[in-house]
Structures are given as C-alpha cells and as structure tokens.
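One-letter residues, chain by chain:
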Amino acid sequence: MLGQAAEAFGLLASPVRLHMVWALAQGESDVTGLAERVGGALPAVSQHLTKLKLAGLVRSRREGRRQVYYVDDPDIVTVVRLMVGQLTERAEQAGAPVRRHRAAGA
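Residues numbered from 1 in each chain as written. Predicted model: local features only at pLDDT ≥ 70, side-chain atom pairs only at ≥ 80, totals over all residues. Heavy atoms only, no water.

So, the confidence of the model for the protein
Here is step 1: Overall, the prediction assigns the protein a mean pLDDT of 87, with 92% of residues at 70 or greater.
Here is step 2: In this model, residues 102-106 is a region of pLDDT below 50 whose contacts with residues beyond four sequence positions or in other chains number four contacts. (pLDDT = per-residue confidence, 0-100. Contact = heavy atoms within 4.5 Å.)

Here's the deal with the sheet that holds strand E1 (residues 29-30)
Here is step 1: Here three strands make up an open sheet; going across it, the order is E1-E3-E2 and the pairing antiparallel. The open sheet has two edge strands with one neighbour each: E1 and strand E2 (59-63). (Pairing = 2+ DSSP bridges. Helix = DSSP H or I, 4+ residues; strand = E, 2+ residues; numbered from the N terminus.)

As for the packing of helix H2 (residues 15-26) against helix H4 (residues 42-54)
Two quantities define a packed helix pair, namely the angle between the axes and the distance from one axis to the other.
Here is step 1: It is the contact of H2 with H4, at a shortest axis distance of 10 Å, that shows an interaxial angle of 75°. The angle between the axes of H2 and H4 places the two elements in the roughly perpendicular class. In this structure, H2 uses Val16, Arg17, Met20, Val21 and Leu24 to contact H4, whose residues at the interface are Val45, His48, Leu49, Lys51 and Leu52.
Here is step 2: Split into classes, the residues belonging to the contact of H2 with H4 amount to seven nonpolar, one polar and two charged. (Axes fitted to C-alpha atoms, helices over the stretch in contact; angles between N-to-C directions. Parallel < 35°, antiparallel > 145°, perpendicular 65-115°, else oblique. Nonpolar A, V, L, I, M, F, W, Y, C, P; charged D, E, K, R; others polar.)

What to know about the environment of Ala55
Here is step 1: By the secondary structure assignment, Ala55 is in the loop between H4 and E2.
Here is step 2: Ala55 sits 51 residues away from Gln4 along the chain, and the two C-alpha atoms are 9.2 Å apart.

Right, dumping it as structure tokens:
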C-alpha cells in the first residue's frame, strides 16, 4: 500500500499534474479546455492526462468526438484540496503573495 501511495504522490509531485488534478477537481474538462485552464501545451497536457489515467487518479468518458476527463475519487479530491488549502493558508499567514486559480465556470 505504501508503494502505491508513494507512486500516486510521485505523480502529484509535478506542479503541472497537480494543477491538472486541482482543475479537474473543480469540474470535468476535455484536453483542450484543460490545457487552457492550466496554461499548458496540448500535447504535454495529453501526456500528463495519460499518466494520471493509468495511475487511476483521473478517468475519462467519450462524449461524441471528445474525451472528457474528471476526478472520480472523492478521496483524491479531498487530499488535493486539503494540501492546496493548507499551503495557501500558510502563505497568507506569512504575508506571501498567493496566486489564485479560477475555478471551472468562474
């Protein structure tokens, strides 16, 4: 179990992948929309999504011609929100500037 947990945390250790999971925790998206939300290049976002999907951290479903990605595990969402929330709170208490990411639909 610890090995699997370390593997999942290893995938989330990438700021880009963590940002993607954070964005998908706010709402599902196709690759193009997710690339726009996280500010990444389409091929790179697609590769990261493949890794996250293989690890079981995100899922996808087909809607017509698009593949829609989402986080289906509420525990993953809880862990990511808790970590980001705690770090944001610490930064704010320290007086550090905090860059806010907009939620889906915002």
